[in-house]
Amino acid sequence: MSLFRPAALALALATALSAGAYVAPLQAANAPSVDIPHDSFTLPNGLRVVVHTDRKAPVVAVNIWYHVGSKDEPSGRSGFAHLFEHLMFNGSENNPGEFFAPFKQVGVTDQNGTTNTDRTNYFQNVPTTALDMALWMESDRMGHLLGAVDQATLDEQRGVVQNEKRQGMNQPYGQLREILSYTMYPKGHPYHHSVIGSMNDLNAAKLEDVQTWFKTWYGPNNAVLVLAGDIDLATARQKAQQYFGHIPASPTMAQPKVDVAVLKQDGRTELEDKVPQVMVRRVWNVPQTGTRDSDMLDLFSDVLGGSASSRLDKRLVHQDKLVDSIGTGNWASQLGGNFFVNAMVKQGVDPAKVEAAIDEELKKLIAEGPTAEELARAKTNYESGFVRGVERIGGFGGKADVLASCAIYEKNPGCFRDQMLAIANATPAQVRDAAAQWLSKPSHVFMVKPGTRKELAEAPAGTPAPFVLPKVDAKYKTAAAAVDRSKGVPVTSSFPDLKFPAQQRATLSNGTTVILAERHDVPVVQMSYQFAGGYSADPAGKPGIANFTASLLDEGAGDLDALGFAARKEALGAQLGAGASLDGNNAILSALKKHLEPSVALFADMLRKPRFDQAQVDRVKGEWIASIRQEKAQPSGVALRVLPALMYGAGHPYGNPLSGTGTEAAIAALTRDDLVAFHQRMMQPAGATLVVVGDTTLAEIVPLLEKHLGSWKVGSAGGAPAIPAVANARQSRVFLIDQPGAVQANIFAAQLVPSSKDPGAIAFDMANQVFGGDFTARLNMNLREDKHWSYGARSGAASAVGQRMWRATAPVQIDKAGESVAEIRREIAEFFGGSRGTSAEELARQQKGLTLSLPGAYETAGSVLATIGSNVLYGRPDDYVFRRKAEIEAITPAQVDAAAKTLDPGAITWVVVGDLAKTEAPIRALKLGEVTILDAEGKPVSK
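Residues numbered from 1 in each chain as written. Predicted model: local features only at pLDDT ≥ 70, side-chain atom pairs only at ≥ 80, totals over all residues. Heavy atoms only, no water.

### Brief notes about the overall build of the protein
Right, so step 1: For the protein, the count of helices and strands is 33 helices and 25 strands.
Right, so step 2: The principal-axis extents of the C-alpha atoms in the protein amount to approximately 80 × 70 × 60 Å.
Right, so step 3: The burial tally for the protein puts 61% of its 943 residues in the buried class.
Right, so step 4: For the protein, contacts bridging at least 24 residues in sequence account for 83% of all contacts bridging at least 6.
Right, so step 5: Summing over all exposed atoms, the protein offers an accessible surface of approximately 33500 Å²; the carbon and sulfur share of this is 53%. (Helix = DSSP H or I, 4+ residues; strand = E, 2+ residues; numbered from the N terminus. Buried < 20%, exposed > 50% of the residue type's maximum accessible area, 1.4 Å probe, protein only. Contact = heavy atoms within 4.5 Å. Areas by Shrake-Rupley, 256 points an atom, 1.4 Å probe, with all protein chains shown as cover.)

Written out as C-alpha cells, the structure reads:
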C-alpha cells in the first residue's frame, strides 16, 4: 500500500487491526505524540528541499522523489517511467558504471528505487560523513545523465525490466495485476495500463525516445529532496545549493486531472490459473489520496476486514467457515483510489456463498456504521502504526518517505498531521457516510480459479505519441556550478564509529534471563521471548508442529477466546505473536509505552494460558493446509520445500520443508493433546531468554515481568535437539520440477557448509559476498547486468546451529534456462575452485559495505532486538558485533580464497523449477550429473 498513500499512514493501514474491547476514542488532543518536525525551502531552479533533524544515529536519509510515474506515459510509451528508474541506476556522465558502487564504499543502508503510477523515488541512508558523496551522486544523475545512456545500456535495462515482469507474471495469481489496470480504468485514463508496461512497448522504445522522456520529467523543479537524520537546516541549504543549484529546470508539466473513474456498471472477470484455491477480489474506484473521504474509507476498511476480529473475519472465517483468509484495503493514489475486498475461498466452498456473505456484511456496515468501540480501535491502529513507522528516518514508510509523499501529493510536507487529526476526530456517521457514498456504487469482481492458465495476449506496440518538449518556465534560475565534477565522486575519508547499546541483565523467578537494551527514541517497547528448539525439534511424523503450535498461542488465551484476544490486543495498539525458526521458538510483543503493563499482562496470558480451543485448532488447520498448497504453487516455495530432504535426508532434524510449515498430512493428523504437550515441552521459561529493547528501564520492566511471568513454571524438560552432521553428495546431481506454462525457470544450486558457530563462518560468508551475496557480486553482475537474463541472482548460507545450507538462486527467462545453469556452474567452478580468486578490489568493496554500514544498521529497536537474539541463539558474546567487524576488516584475499574451498564445485545439488518441456533438454545436455524429475512433494516421477 505504500505505493499509493503517504507512507507512514500506509504502514498504519497495512498493520491495522480492528474490533475488540472498548477504549476511548482518539481525540485531536491526544493525536500521535510522535511528530516529524521539519523545515523546507526551494532553490531558484525549483528544487523543493525538506529537512528533518534526528540525531539518534550518525546517518542521513537522502530521499528524492520525481513527480512522474506511469500515469504520465503517452500512448505507445507504457513502462517508460519504470524503465527510467532502472536506467538511472546505471551510472551518469561523471561516474560511469553501477550507481550502487560508490555507496558500497561508504556503508550505505536501505538503498533502492521504486516507481508507481504517480511518482519515481530513490533513497539511501548514508553515514553523515558520506552525505557529500550521496548528494554528488544524486545530482549527477539528475543533471548529468544522458551522456551515459547509450544503446547498450538501454538494451541491458530493458532486458532486466522484462525479466522483472516475467517474474511477477510467473507467480500464482500474477496475471491479475495487469488485468486490474485495464479493467478498472477505461482506455485513455492514465491508470489504464500497468506500471511495468507492455513487452511490445518496451521493445519499441528507442534511444531518442528515452532521452526526450528524461529531458521532459527529471528536472529539479519536478522533484522533492528530503534530508532526514543527522543534519540541520543550514547544512542542508548549503549542500543542496552546492550540488543541485546549477541544474537547469525541465519544462513545467501539467499533472493529469483527478479522475476517480467510477464504474458505470457492475462487472465480472474470471480467470483460470495453476493455483490451489479460488481467489475472489471485489474492487471499487474511490477517491484520491488527500481527501477526507479517503481517510474515512481507511477507517471503514479497518472495521470491515482489517484483522482477525473484523466483521468479515467474524462472519466468513469463524462463523460460516467459508474462507481461509479475507482482507480489505483502501489504496489511494493521486488521481483516484481502489477499495477492495480479497477472499481466499476454502476448497469445496461455492464462491457464490462467499460473495453473498461479503455483500451482506458490507451492506449491513454501510447501513449501521461502525460502533464507537470499532471506530476507537481503528483509530488506535492508526496511531500505533504511525508511531512504529516513524522510528526510521528513511526507507519505505520512514520519516523521509512520509515527508516526500506529502510534499509531492499535497504540496505540504506536513500533510500527515492533517490526516491524523482527521482520523482522530472522525465520527461513526462520517465513516458511514463516506462508505455509503462510494461503496454503494458499481464494483468489479475478479475471480481466479484453479485450472489451465492462458497467457495474456499483449496488444501490439501502440502508435507512439510524438514527444514534444515544452519550453522551460523563465522563472527558474540556475547558479554557477559549485562543484568540479571532473574530479569524480567526493572521497569520504572519515566514518562514524560503530555503537551498540549496552545490555543490562536480570533473572526472573521462573529462571528466565532478561536482557535489556534501552532505546528512548519512540514510546514503544519490544520484546522477544526465546526458547530452544525450533522446528528442528519437530518429532518424527509431526513436521510443522513447532510452528503450528506457536501460531495458535494468540488464538485465545486465559479468559479470552480468539476474537476476544484479537480485540484486546488491537484496543491496546499492541502486536503479539509467536513462531518458530529452524533452531528456536520465540514469542514477540511490541507495546505502546502508555499501554505497557496491560500489554505485558496479555503477553503473559498468551504464553502461560493458551486455550487451544478445538474449534480454533480445526480452523487454523484448514488455513495452514491451504498455505502449504500455496507454497507448492510458488516456484521458489516448492523448491525450498524439497531441498532440505535432498540435502540433509528426510529423517534429519533439518530435513523438513524450509518454511517450517510441515506437510498437509502431518498437520491434518495433529490433535489438541499433541499441541498442549508440545507447548509444555518446548516453551520452558527456565533457561529461556527474554530480550527487551525500547523505551523502558531495568527498574521499570523487571518488576512488571516478575508480576506477570515470575511464577510461570513448567514441569517437563524441553530443549534443543542434537543436530547430526551429514556428508555432502560426492558428485553433482540435478532435480527438475515441472511448472507447465512457466515463463521463467527458477534455478537453485546448493551444498552444505559448516555451522554459523564454526570459527570459519565469517570467512566463508565473506567468500559468498564476493560470489553472490550482493548486487555488485559476480553472480548478479553476470546474469542480470551483463546477460540481462534475470531480474536478480543471489547466493548465501542461512544461519543454523548445525550445518548450513548454502544456495545460489536465480529466476531466469525460460529460454535461457540451460545457458544460465551453465553460467552459474562456470562462476562456481572459477571462484570456489580457485581459478579466479578474490581480487583486492572485490574484497575491499565487500569489507567496506559490511562494516561501514554498521553505524546505521542499528537505527531501529527491531534491528537491535534481532542482533541480541541472534547472539543468544548462537552463544555469542555481547560485543560480537565489534568482534565480527574487526575480523571482516582484517581478512585477506588469501584467507577468503581458502574459505571458498569449503565448497566443492563438483558436488552441487541443482534444483530447477520450470516448464519441463522447455528446461529438460537443455539442462540434460549440460551433463551436470544424474537427472531426476520430482513432483511438488519431492517424490521422483517416472516418465
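After that view, the rundown keeps rolling.
### With respect to the sheet that holds strand β19 (residues 689-694)
Right, so step 1: Overall, mixed pairing links the six strands, which are arranged β14-β15-β19-β16-β18-β17 in an open sheet. Bordering the open sheet on either side are β14 (504-507) and β17 (575-580), each of which pairs with just one other strand. Averaged over neighbouring strand pairs, the angle between their axes works out to 15° when direction is ignored.
Right, so step 2: Pairing analysis gives nine bridges linking strand β16 (residues 524-532) to strand β18 (residues 584-592), with the strands arranged antiparallel. Note that in β18 the partner of Gln530 across the bridge is Asn586. (Pairing = 2+ DSSP bridges. Axes fitted to C-alpha atoms, helices over the stretch in contact; angles between N-to-C directions.)

### Some words on the packing of aromatic side chains
Right, so step 1: Throughout the structure, instances matching the rule amount to 30 aromatic pairs.
Right, so step 2: Between Phe531 and Trp712, the ring centres sit 6.1 Å apart and the planes meet at 75°, which makes this aromatic pair edge-to-face. Of this pair, Phe531 sits in strand β16 while Trp712 sits in the loop between α24 (698-709) and β20 (733-738), placing them 181 residues apart in sequence. With respect to burial, Phe531 and Trp712 carry one shared label: buried.
Right, so step 3: An aromatic cluster of three or more residues is present, and its members are Tyr66, Phe84, Phe89, Phe99, Phe100, Phe103, Tyr122, Phe214, Tyr218 and Phe775.
Right, so step 4: Seen from the ring of Phe89, Arg141 lies directly overhead, with NZ or CZ sitting 4.8 Å from the centre. (Phe/Tyr/Trp six-rings, centres within 6.5 Å; stacked < 30°, edge-to-face > 60°. Lys NZ or Arg CZ within 6 Å of the ring centre and 35° of its normal.)

### Considering the packing of helix α10 (residues 292-305) against helix α13 (residues 372-389)
Right, so step 1: Contact geometry of α10 with α13 gives a least axis separation of 9 Å together with a crossing angle of 110°. Considering the angle they form, α10 stands roughly perpendicular to α13. Of the two elements, α10 crosses α13, and the hand of that crossing is right-handed. Of α13, the residues touching α10 (which contributes Asp298, Leu299, Asp302 and Val303) are Glu374, Leu375, Ala378, Lys379, Asn381 and Tyr382.
Right, so step 2: The residue makeup of the contact of α10 with α13, split by class, is five nonpolar, one polar and four charged. (Parallel < 35°, antiparallel > 145°, perpendicular 65-115°, else oblique. Left-handed = near helix turned anticlockwise from the far one by under 90°. Nonpolar A, V, L, I, M, F, W, Y, C, P; charged D, E, K, R; others polar.)

### Details of the sheet that holds strand β22 (residues 794-797)
Right, so step 1: Spatially, β22-β23-β21-β24-β20-β25 is the arrangement adopted by the six strands of the open sheet, whose pairing is mixed. On the outer flanks of this sheet lie β22 and β25 (930-934), each paired with one strand and no other. Strand after strand, the sheet turns through a mean of 20° between neighbouring axes, direction not considered.
Right, so step 2: Pairing geometry for strand β21 (residues 744-753) and strand β23 (residues 804-813), over ten bridges, is antiparallel. Bridge pairing links Gln744 to Gln813 in β23.
Right, so step 3: Relative to the sheet, helix α25 (residues 761-771) contacts β21, β22 and β23, its axis offset from that of β23 by approximately 10°.

### Points about the pattern of salt bridges
Right, so step 1: Counted by the stated rule, this structure contains 57 salt bridges.
Right, so step 2: Here Asp230 ties to Arg55 by a salt bridge, and the two come within 2.6 Å at their closest N and O atoms. On the criterion of sequence distance, the pair formed by Asp230 in the loop between β8 (223-229) and α9 (233-244) and Arg55 in the loop between β2 (48-53) and β3 (59-66) is long-range, its members being 175 residues apart.
Right, so step 3: For Arg55, a relative accessible area of 49% gives the class partly exposed.
Right, so step 4: Residues Arg629 and Glu664 are paired through a salt bridge, measuring 2.9 Å at the closest nitrogen-oxygen approach. Residue Arg629 is found in helix α20 (residues 614-633), and its partner Glu664 is found in helix α22 (residues 664-669); the two are separated by 35 residues along the sequence. (Salt bridge = Lys/Arg side-chain N within 4 Å of Asp/Glu carboxyl O.)

### With respect to the packing of α25 against helix α28 (residues 840-851)
Right, so step 1: Running from N to C, α25 and α28 point in directions that differ by 110°, and their axes come no closer than 10 Å. Put simply, α25 runs roughly perpendicular to α28. When you trace α25 past α28, the crossing you get is right-handed. In this structure, α25 uses Met766, Gln769 and Val770 to contact α28, whose residues at the interface are Glu842, Leu843, Gln846, Gln847 and Leu850.

### Points about helix α16 (residues 428-438)
Right, so step 1: For α16, the complete set of buried residues consists of Val431, Ala434, Ala435 and Trp438. Projected down its long axis, α16 carries its buried residues within an arc of 95°, all on one side.
Right, so step 2: Looking at the buried residues of α16, the elements they touch are β10 (279-286), α10, α12 (351-368) and α13. (Arc of directions from axis to C-beta.)

### Side note on the nonpolar core
Right, so step 1: Residues Met527, Tyr529, Phe603 and Leu705 are the most contacted members of the largest nonpolar core, which totals 74 residues.
Right, so step 2: Ranked by size, the runner-up nonpolar core spans 68 residues in total, among them Ala61, Leu312, Val354 and Ile358. (Core = buried A, V, L, I, M, F, W, Y, C linked by side-chain atoms within 4.5 Å.)

### So, the state of the cysteines
Right, so step 1: Tallied over the full model, the rule gives one disulfide.
Right, so step 2: Bridging Cys406 to Cys415, the disulfide has an S-S length of 2.0 Å. One quick way to see it: the torsion about the S-S bond of Cys406 and Cys415 is about -75°, and its sign makes the bridge left-handed. Side by side, Cys406 and Cys415 carry an identical accessibility label, which is buried. (Disulfide = S-S within 2.5 Å.)

### Focus: unusual backbone geometry
Right, so step 1: We note that Asp110 has phi near 55°; this positive angle belongs to a residue other than glycine.
Right, so step 2: Along the polypeptide, Asp110 turns up in strand β6 (residues 109-115).
Right, so step 3: Although it is not a glycine, Lys411 adopts a positive phi angle of roughly 55°.
Right, so step 4: If you trace the backbone, Lys411 turns up in the loop between α14 (399-410) and α15 (415-425).
Right, so step 5: By relative accessible area, Lys411 is classed as exposed at 68%.

### Details of the environment of Ala480
Right, so step 1: Along the chain, the position of Ala480 falls in the loop between β13 (444-450) and β14.
Right, so step 2: For Ala480, a relative accessible area of 68% translates into the label exposed.
Right, so step 3: In this structure, the C-alpha to C-alpha distance between Ala480 and Ile247, residues 233 residues apart in sequence, is 9.2 Å.

### Focus: the pairing of β13
Right, so step 1: Burial within β13 is extensive, with five of its seven residues counted as buried.
Right, so step 2: In the sheet, strand β9 (residues 267-273) pairs with β13 via seven bridges, with the strands oriented parallel. Counterpart to Glu270 in the pairing with β13 is Met447.

### Things to note about the pairing of β6
Right, so step 1: The buried fraction of β6 is high, at five of seven residues.
Right, so step 2: As defined by bridge partners, β6 adjoins strand β7 (residues 120-127) across five bridges and the pair is classed as antiparallel. In the sheet register, Thr114 faces β7, and the bridge partner there is Asn121.
Right, so step 3: Counting the residues in the hairpin turn of β6 and β7 gives four residues.

### Focus on the side chain of Arg388
Right, so step 1: With respect to the helices, strands and loops of the structure, Arg388 is situated in helix α13.
Right, so step 2: For Arg388, which is buried and forms no salt bridge, the nearest opposite charge comes from Glu391, at a distance of 8.0 Å.
Right, so step 3: Non-local contacts of Arg388, meaning those with residues more than four positions away in its chain, are made with Val524, Gly573, Ala574, Gln575, Ser590, Ala591 and Leu592. (Lys, Arg positive; Asp, Glu negative; His and termini not counted.)

### A closer look at the confidence of the model for the protein
Right, so step 1: Considering every residue of the protein, the mean pLDDT works out to 92; 96% of them sit at 70 or more.
Right, so step 2: Segment residues 1-31 is flagged for pLDDT under 50; beyond a separation of four residues in sequence, or across chains, it makes 110 contacts in the model. (pLDDT = per-residue confidence, 0-100.)

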